[in-house]
Amino acid sequence: MKEITGKTRILGIIGDPVEHSLSPVMHNAAIAHLNLDYIYVPFPVKPTDLATALAGFEAVGVVGFNATIPHKQAIIPLLQEVSPLARSVGAVNTVWRTPTGWAGTNTDVEGFLAPLLSIPRQWHQIKAVVLGTGGAARAVVAGCAQLGCQEIIIVGRNQEKVAAFVASWALSPLPVTITPHNWEELPQILPQAGLLVNCTPVGMHPHIDASPVSADLIQLLPPEAIVYDLIYTPCPTQFLQLAQEVGTTTIDGLEMLVCQGAAGLKIWLQRETVPVTVMRDALIQHLMR
Ligand code: NAP
């Protein structure tokens, strides 16, 4: 057990709930590996307590923290600096202290992109299909825009939310062409998809037999398509298993989780590199327990 002293520097994550967050597992593994006098702590913070929590963190010298549901949007007006990327996404997941106050960015985009960047593709010829219109879908859209995807097709079950989602990108500085679609249009959309990303919770534990796209529809994907599920419990999901059966390349959500965390840790520790393998192994070990 690590010795905590008055000199131990504090990192953490705020959320409501936050009890099930896996971030402490990977961050504390990296901290131990680097033999640093830091600790990463989960802090349950109710939405009404967000400003108080930030003031308290400042008072006790917290170095930085992650923000998860429901704070990713609400924290923005409480920060002194917000990166242009986080402004485009409309969400902050990583916060750190500067001499003038709290600064925030969004490392989910970097986390999402990390496993894609090692796959050779002509991204400007790729149509990306994004299932869902929630917070994670926003990071995915920003990532697809950074890749230079030809078009981003947003598929949602609530057409008002889909329209609002698409409209919210109209003023984005990111070069992005987004088109709204509904679930019933998947048979026409999937044959054009170069990248299909599940940003819904469908298939997440304990509903592990569910898939956002049926086995029949997945067969419509081109064989060179990449199928990406942001879910990491289970790993792989039913969706990815179906995609593997038709021979597409698949990516699970674990790498995004690890890489968004690694990007945050680099900011807090002001290091060029952090032990990503240690973080990934700690998570895998934890999930296998
Ligand atoms: P969210 O903000 O709640 O959004 C969920 C989206 O899924 C909404 O558009 C919702 O539609 C849609 N949806 C929910 N149930 C559905 C269903 N049965 N059929 C069709 N659409 C459905 O959640 P989020 O934060 O974006 O997270 C989405 C998923 O990504 C979660 O599984 C989360 O664990 C995962 N995630 C993973 C990482 C990672 O690092 N790997 C990071 C972030 C999120 P309505 O608005 O109509 O309800």
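Please read all numbers here as calculations on a predicted model, not as lab measurements.

What about unusual backbone geometry?
For step 1, the next point in the chain: With an omega of 10°, the peptide bond between Ile-69 and Pro-70 qualifies as cis.
For step 2, the next point in the chain: When you line up the elements, Pro-70 lands in the loop between β3 (64–67) and β4 (81–82).
For step 3, the next point in the chain: Cis geometry marks the peptide bond from Thr-233 to Pro-234; its omega dihedral reads 5°.
For step 4, the next point in the chain: Phi is positive for Asn-35, which is not a glycine, with a value near 55°.
For step 5, the next point in the chain: The exposed category is assigned to Asn-35, whose relative accessible area is 70%.

Things to note about the site of the ligand
For step 1, the next point in the chain: Near the ligand lie 21 residues; those nearest to it are Thr-133, Ala-136, Arg-157, Lys-161 and Leu-230.
For step 2, the next point in the chain: Take Leu-230: an N or O atom from its main chain is 2.9 Å from a nitrogen atom of the ligand.
For step 3, the next point in the chain: In this structure, Gly-253 approaches the ligand through a main-chain N or O atom, which is 2.9 Å from a nitrogen atom.
For step 4, the next point in the chain: Bound to the protein, the ligand loses 73% of the 920 Å² it would expose on its own.
For step 5, the next point in the chain: Of all the elements in the fold, those that place two or more residues in the shell around the ligand are α5 (135–147) and α10 (254–269).
For step 6, the next point in the chain: Of the residues assigned to the shell around the ligand, the class counts are 12 nonpolar, 7 polar and 2 charged.

Let's talk about the packing of helix α4 (residues 108–117) against α5
Helix-helix packing is described using two parameters, namely the angle between the two axes and the distance between the axes.
For step 1, the next point in the chain: Axis separation between α4 and α5 bottoms out at 8 Å; the angle between their running directions is 50°. Considering the angle they form, α4 stands oblique to α5. The element α4 and its partner α5 pack so that their crossing is right-handed. Between α4 and α5, the residues in contact are Asp-108, Val-109, Phe-112, Leu-113, Leu-116 and Leu-117 and Ala-139, Val-140, Ala-142, Gly-143, Cys-144, Gln-146 and Leu-147, respectively.
For step 2, the next point in the chain: Of the residues assigned to the contact of α4 with α5, the class counts are 10 nonpolar, 2 polar and 1 charged.

Section: the packing of helix α1 (residues 23–33) against helix α11 (residues 276–288)
For step 1, the next point in the chain: Across the interface, α1 lies against α11 with an axial gap of 8 Å and an inter-helix angle of 135°. Put simply, α1 runs oblique to α11. Read as a crossing pair, α1 and α11 show a hand that is right-handed. Residues Val-25, Met-26, His-27, Ala-29, Ala-30 and His-33 of α1 form the contact with α11, whose participating residues are Val-278, Met-279, Ala-282, Leu-283 and His-286.
For step 2, the next point in the chain: Looking at the contact of α1 with α11, its residues break down into 8 nonpolar, 3 polar and no charged.

Remarks on the nonpolar core
For step 1, the next point in the chain: If you look at the biggest cluster of nonpolar residues, it comprises 36 residues, and the most contacted ones within it are Phe-112, Leu-116, Ile-154, Leu-195 and Tyr-228.
For step 2, the next point in the chain: At the level of elements, α4, β7 (127–131), α5, β8 (151–156), α6 (159–167), β10 (193–198) and β11 (226–229) are the ones that each hand at least two residues to this core.
For step 3, the next point in the chain: Among the elements that take part in this core, α5 stands out by supplying 8 residues, more than any other.

Description of the pairing of strand β2 (residues 38–44)
For step 1, the next point in the chain: Relative to β2, strand β1 (residues 9–15) is paired through 7 bridges, and the arrangement is parallel. Note that in β2 the partner of Ile-14 across the bridge is Phe-43.
For step 2, the next point in the chain: Between the parallel pair β1 and β2, the chain is carried across by α1, and the sense of this crossover is right-handed.

Comments concerning the pattern of salt bridges
For step 1, the next point in the chain: Overall, the coordinates contain 4 salt bridges when judged by the stated rule.
For step 2, the next point in the chain: Between Asp-108 and Lys-72 there is a salt bridge, with its nearest N and O atoms 2.8 Å apart. Residue Asp-108 is located in helix α4, and its partner Lys-72 is located in the loop between β3 and β4; the two are separated by 36 residues in the primary sequence.
For step 3, the next point in the chain: Between Lys-127 and Glu-151 there is a salt bridge whose closest N-O contact spans 3.5 Å. Here Lys-127 is found in strand β7, whereas its partner Glu-151 is found in strand β8, with 24 residues between them in sequence.
For step 4, the next point in the chain: Residue classification places Lys-127 among the partly exposed positions, given a relative accessible area of 21%.

Rules used throughout
Residues numbered from 1 in each chain as written. Predicted model: local features only at pLDDT ≥ 70, side-chain atom pairs only at ≥ 80, totals over all residues. Heavy atoms only, no water. Helix = DSSP H or I, 4+ residues; strand = E, 2+ residues; numbered from the N terminus. Buried < 20%, exposed > 50% of the residue type's maximum accessible area, 1.4 Å probe, protein only. Near = heavy atom within 4 Å. Polar contact = N/O pair within 3.5 Å; in protein donor to acceptor, adjacent residues only side chain to side chain. Areas by Shrake-Rupley, 256 points an atom, 1.4 Å probe, with all protein chains shown as cover. Nonpolar A, V, L, I, M, F, W, Y, C, P; charged D, E, K, R; others polar. Axes fitted to C-alpha atoms, helices over the stretch in contact; angles between N-to-C directions. Parallel < 35°, antiparallel > 145°, perpendicular 65-115°, else oblique. Left-handed = near helix turned anticlockwise from the far one by under 90°. Contact = heavy atoms within 4.5 Å. Core = buried A, V, L, I, M, F, W, Y, C linked by side-chain atoms within 4.5 Å. Pairing = 2+ DSSP bridges. Right-handed = clockwise from strand over helix to strand, strands pointing away. Salt bridge = Lys/Arg side-chain N within 4 Å of Asp/Glu carboxyl O.

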